[in-house]
Amino acid sequence: MTAVTRTSSTTVRAQAEAALAAGGRGLGRLLLLMLGVVPAVAAPLFAALFAGAAVATLLDHYYPGELLAVMTAALAGTAVGGLFVRPVARRTRARIADWYGIRLPVEYAPRPALEVDERGHWWTGYSYHRSHAVARIANLLHWALRDRATRAEILWLVVNPLTVAVLAFPVVGLLLGGGIYAGSVFFRSSYGPDDAFAESPVSPLVPVGLGLALVAFGVVLAPFAVRAYAEVARRVLNHDGRASHAQLTRRVAELTETRADAVGSQAAELRRIERDLHDGAQARLVAIGMTLGTIEHLMDTDPVAARELLSEARQSSARALQELRDLVRGIHPPVLAERGLGDAVRALALDSALPTEVCVSLPDRPAATLEAAAYFSICELLANAAKHSGAEQVWVDILYRAGMLRITVTDDGVGVADPTRGTGLRGIERRLGTFDGVLAIDSTSGGPTTITLELPCELSSPRTSTSFAKA
């Protein structure tokens, strides 16, 4: 029983110490929030009062002076407050990320550029103005009021001090009230009559205990107030997790571009197949047909020449068959359809011009279209390494982690792989863009070159274990 009691008291003491430590952190953070709102509130108010007082003094004897003073004060306060919109939002995002690990991403809509027409009028993207300065101000105001992220930050500039005041008031009230209530006992005992507590039926320890309890409750309440502040900030600045207009616009533009690239690539691939059939296998089959016709006429008159032509026709048919097989392999390799990406890349490595080591870690197969995109991207990278890198060895790593198919192709060549120098890497990037994939290049002068492909995907039916294999 004694051991159980000692363990229970130790647990209670540890929980109390943890609560006090969390409360101390909460009080510190709440104090930071209270100090942080002072400049954003005081500076606009001071600017408004100063500008309003100055205008009121200058126009003291005029009837519209008071009205102009109020308007000037409002404009001055708004202008100075606008300087705090981005810093306050940025500081709030940084604090929430540091305290709770909550990221509040932000993306602003592109600001329209000013354009001047032949008459000298400035177009802001929304309206025309003769003055360039007025056009710049109008452009900024229109953009700020139309951009969803900026509107949220403007709203947060107003909501921030109100939120801090509402959440900090109970905590500060408990701390001050409890401290004053507990200290009143010592104040009365120091300055009151000697028999001040003798006539009171309440022990002097009771007010002290109640005051300390209020202070403790304020300390415990502080972390919850800060957490509520973070939740309010998340809802205002992050739109409750909804995508902004700028993000949706960019996404639509990306999908439009990738769709156009996919359609263009498909049309180019059809033209390539048609050209290869016309110039290769079709031409050989036509030649074989003409040769067989000639053999038919020579069978009776010149059997020796007919046998020679028959041998040439057999060789031509073998070459035509090989070209058809190469063409089918270029459309979709049979080993890729039958065995999957890992074995297809291993077979590709065997035919590569450079020694290629392949390491595969795939629990199961991705979708067929994504497999084909990854396979032909690796084909292009191996061909580039053989043509341009001057490498002696190539390494291909294929692995699947956290919903991403990651492919790394590394060579020990001279480096300096640049997508702007040719169409190969740009074509790979467009092919991956169809699947929301990305291409990253790490290639310095002197090598090595590492090209990484990442494609989000889901595997068909993952097995219980992950196999590693090298080729």
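Remember, predicted model here, so these are calculated numbers, not experimental data. (Residues numbered from 1 in each chain as written. Predicted model: local features only at pLDDT ≥ 70, side-chain atom pairs only at ≥ 80, totals over all residues. Heavy atoms only, no water.)

Visitor: So what's going on with the overall build of the protein? Which residues, and what values?
Guide: A tally of helices and strands in the protein yields 12 helices and nine strands. Residues counted as buried form 31% of the 471 residues belonging to the protein. Taking the intrachain contacts of the protein between residues at least 6 apart in sequence as the baseline, contacts between residues at least 24 apart amount to 69%. (Helix = DSSP H or I, 4+ residues; strand = E, 2+ residues; numbered from the N terminus. Buried < 20%, exposed > 50% of the residue type's maximum accessible area, 1.4 Å probe, protein only. Contact = heavy atoms within 4.5 Å.)

Visitor: Describe the packing of helix α11 (residues 368-389) against helix α12 (residues 424-433), naming the residues involved and giving the relevant values.
Guide: Between α11 and α12, the shortest axis-to-axis distance is 10 Å and the interhelical angle comes to 170°. Classified by the angle their axes make, α11 and α12 are roughly antiparallel. As α11 packs across α12, the resulting crossing turns out to be left-handed. From α11, Ala373, Phe376, Ser377, Glu380, Leu381 and Asn384 reach across to α12, where they touch Gly424, Leu425, Ile428, Arg431 and Leu432. Split into classes, the residues belonging to the contact of α11 with α12 amount to six nonpolar, three polar and two charged. (Axes fitted to C-alpha atoms, helices over the stretch in contact; angles between N-to-C directions. Parallel < 35°, antiparallel > 145°, perpendicular 65-115°, else oblique. Left-handed = near helix turned anticlockwise from the far one by under 90°. Nonpolar A, V, L, I, M, F, W, Y, C, P; charged D, E, K, R; others polar.)

Visitor: Describe the packing of aromatic side chains, with residues and values.
Guide: Scanning the entire structure with this criterion turns up three aromatic pairs. The interplanar angle of 20° and the centroid separation of 6.2 Å between the aromatic rings of Phe46 and Phe50 together place this pair among those described as stacked. Residue Phe46 and its partner Phe50 are located together in helix α1 (residues 2-58), separated by four residues, close to a single helical turn. Residue classification places Phe46 among the exposed positions, given a relative accessible area of 60%. A residue is classified by how much of its surface remains accessible, and Phe50, at 59% relative accessible area, is exposed. The cationic tip of Arg29 hangs over the ring face of Tyr100; the distance from NZ or CZ to the ring centre is 5.7 Å. In this arrangement the basic side chain of Arg227 is found over the ring face of Tyr100, its NZ or CZ atom lying 4.5 Å from the centre. (Phe/Tyr/Trp six-rings, centres within 6.5 Å; stacked < 30°, edge-to-face > 60°. Lys NZ or Arg CZ within 6 Å of the ring centre and 35° of its normal.)

Visitor: Could you give me a rundown of the confidence of the model for the protein, with the residues and numbers involved?
Guide: Confidence in the prediction for the protein averages 76 pLDDT; 76% of positions are at 70 or higher. In the model, residues 194-201 has pLDDT below 50 throughout and makes four contacts with residues more than four positions away in sequence or in other chains. Between residues 461-470, whose pLDDT stays under 50, and residues either more than four places distant or in other chains, the model counts 22 contacts. (pLDDT = per-residue confidence, 0-100.)

Visitor: Quick one: what's the story with the nonpolar core, residue by residue and with numbers?
Guide: Counting 35 residues, the largest nonpolar core has Leu341, Val396, Ile398, Leu405 and Leu453 as the members making the most contacts within it. Listing elements by their share of this core, those giving two or more residues are α10 (341-350), β4 (356-361), α11, β5 (394-401), β6 (404-411), α12 and β8 (449-456). Ranked by residue count, the leading element in this core is α11, at eight residues. Ignoring sequence-local partners within four residues, the contact set of Ile398 consists of Leu341, Val345, Cys359, Val360, Ser361, Leu362, Ile378, Leu405, Arg406 and Ile407. Listed in part, the 23 residues of the second largest apolar core include Val37, Leu104, Ala222 and Ala225. (Core = buried A, V, L, I, M, F, W, Y, C linked by side-chain atoms within 4.5 Å.)

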